[in-house]
Structures are given as C-alpha cells and as structure tokens.
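The primary structure of each chain is shown beneath.
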Amino acid sequence: MRALIVYHSDYGNTERMAQAVAAGIGARAPEADIALQRADDTKPDDLVAADVILFGTPVHMGGPAWQLKRLIDACGKLWMEGALEGKVGGAFATGGGFGGAGGGAELTLAMLHSHFLEQGMIVVGFPKTAMGYADGGLQWGPYARTGNHEGMPEGVSDPQLTAARSWGAHVIEVAGKLLEH
Ligand SMILES: Cc1cc2nc3c(=O)[nH]c(=O)nc-3n(C[C@H](O)[C@H](O)[C@H](O)COP(=O)(O)O)c2cc1C
C-alpha cells in the first residue's frame, strides 16, 4: 500500500504534523510505502500512484493554503477520468486559531474533504476515542492550534504531534481494511 502525504508549510508547523502522521502510518503498517512531499513538488500523477492520499495545510485566511489548492485544481483531468475514485483520503491542519480553537480550521479540513469527495474518494475522519484526540483532534482530522492567547506563534505541542501520529495509524488501518477487499 502506498500512502502519499502532501503538505504546505511556511514555518514548519504543518511539516512537523506531516512527519508525525508519517510516523504513525509507519508504526501501524511497517510494510507501507510512505511518501512525504510538499504540494509545490507534487504533480497530479503522484496522486494516481497512491492508494492513500493525505493533505496537510496551514489555515490561511480561513481556508487551505493556495499551494494545495493549486494542486487540487490541477487534478481536473483526473476527475474526468475517475482516476482517484475509491482511493482513501484524509486531511490535517495547523492554524494560529486566534480567539479560540477556530480561525477556520474546521472549514479548512471540510474543504479538503469536499475535494476528496468530488474525486470519488473515501474520506477518513478522526474518531474521538483515538489516542490524542482530546489534545489535537477534530472529527475531521488532526488540528494543531499553533498560536497563543495573544495571537503570537507558539508552535506544535507534543500532545498535538501524538494526535497526528495516532491519526496516521488510524487512517492506514482503515485503508488496509477497505482496500484489501
Ligand atoms: C497568510 C496567512 C494567513 C493565515 N490565516 C490564518 C487563519 O485564517 N486562521 C488561523 O487560525 N491561522 C491563520 N494563520 C496562521 C497559520 O495558519 C499558523 O501559523 C500555522 O500553524 C502555520 O503553519 P506552517 O508553519 O506550517 O506554515 C495564517 C498565517 C498566514 C501566514
């Protein structure tokens, strides 16, 4: 099984989450082929070659970073061909979250889910009983709030990274069950 994690990150927060997701996949499915790459370096054909496609983004002005959206919009031909149908998808995000846990994180994750569903993919969320959920989980996927109460950057915490690892393990386990049959 090939898992492709595609992310954008300006300051390293989402990249750390992406690495934790990859570690979780590797821990649960050592036989999996795991690729971690930036959205800027990703071509639509890379998605076709994967069984599991995970997108990670910082929240930018209430939505996904344009670097990821550019890749998504480049996948129109794949939509025409149905080339991604039946693949497993999932999303994770980081955001400053000024004023609470919000800042657009849930919408951002739901937007990424919408793109997966548009392609006929199967979306995996994050169950609340999974390890780490309370510290870095939303039902949509792992989310790390990286800003403090003053709106200043604080970075991704270890419990949030634990949630990201836990989710990676969950996604690959679900994908294994779905794609076996
Ligand atoms: C252009 C820009 C827009 C942003 N907009 C939001 C936002 O709408 N909501 C939010 O919670 N955080 C917002 N942030 C904060 C980032 O999402 C946050 O710092 C994130 O953890 C950065 O991730 P990175 O280190 O992977 O780039 C914004 C940051 C930038 C640079």
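Residues numbered from 1 in each chain as written. Predicted model: local features only at pLDDT ≥ 70, side-chain atom pairs only at ≥ 80, totals over all residues.

Asker: Teacher, can you tell me more about the site of the ligand here?
Answerer: Neighbouring the ligand are 20 residues; Tyr11, Thr14, Pro58, Gly95 and Gly103 lie closest to it. Elements with a contribution of two residues or more to the shell around the ligand: helix H1 (13-28), strand E3 (52-60) and strand E5 (88-95). Classifying every residue of the shell around the ligand gives five nonpolar, 13 polar and two charged. (Near = placed C-beta within 6 Å. Helix = DSSP H or I, 4+ residues; strand = E, 2+ residues; numbered from the N terminus. Nonpolar A, V, L, I, M, F, W, Y, C, P; charged D, E, K, R; others polar.)

Asker: How should unusual backbone geometry be read in this particular structure?
Answerer: Trans peptide bonds make up most of the peptide bonds, and negative phi angles are found at most residues other than glycine. The phi torsion at methionine 61 lies on the positive side, around 50 degrees, for a residue other than glycine. Here methionine 61 shows up in the loop between E3 and strand E4 (63-64). Residue classification places methionine 61 among the exposed residues on the basis of 10 C-beta atoms within 10 Å. (Buried ≥ 20, exposed ≤ 12 C-beta atoms within 10 Å, placed from the backbone.)

Asker: Looking at this model, I keep getting lost on the pairing of E5. Mind explaining?
Answerer: If a strand is regular, its side chains alternate between the two faces of the sheet. Burial runs high along E5: eight of the eight residues are buried. Relative to E5, E3 runs parallel, the two sharing seven bridges. When the sheet's bridge partners are listed, proline 58 is paired in E5 with threonine 94. Summarising the sheet, E5 and strand E6 (residues 122-123) pair through two bridges and their orientation is parallel. Note that in E6 the partner of glycine 89 across the bridge is valine 123. Direction of pairing for E5 relative to strand E8 (residues 141-145): parallel, over a ladder of three bridges. Bridge pairing in E8 links alanine 93 to tyrosine 143. (Pairing = 2+ DSSP bridges.)

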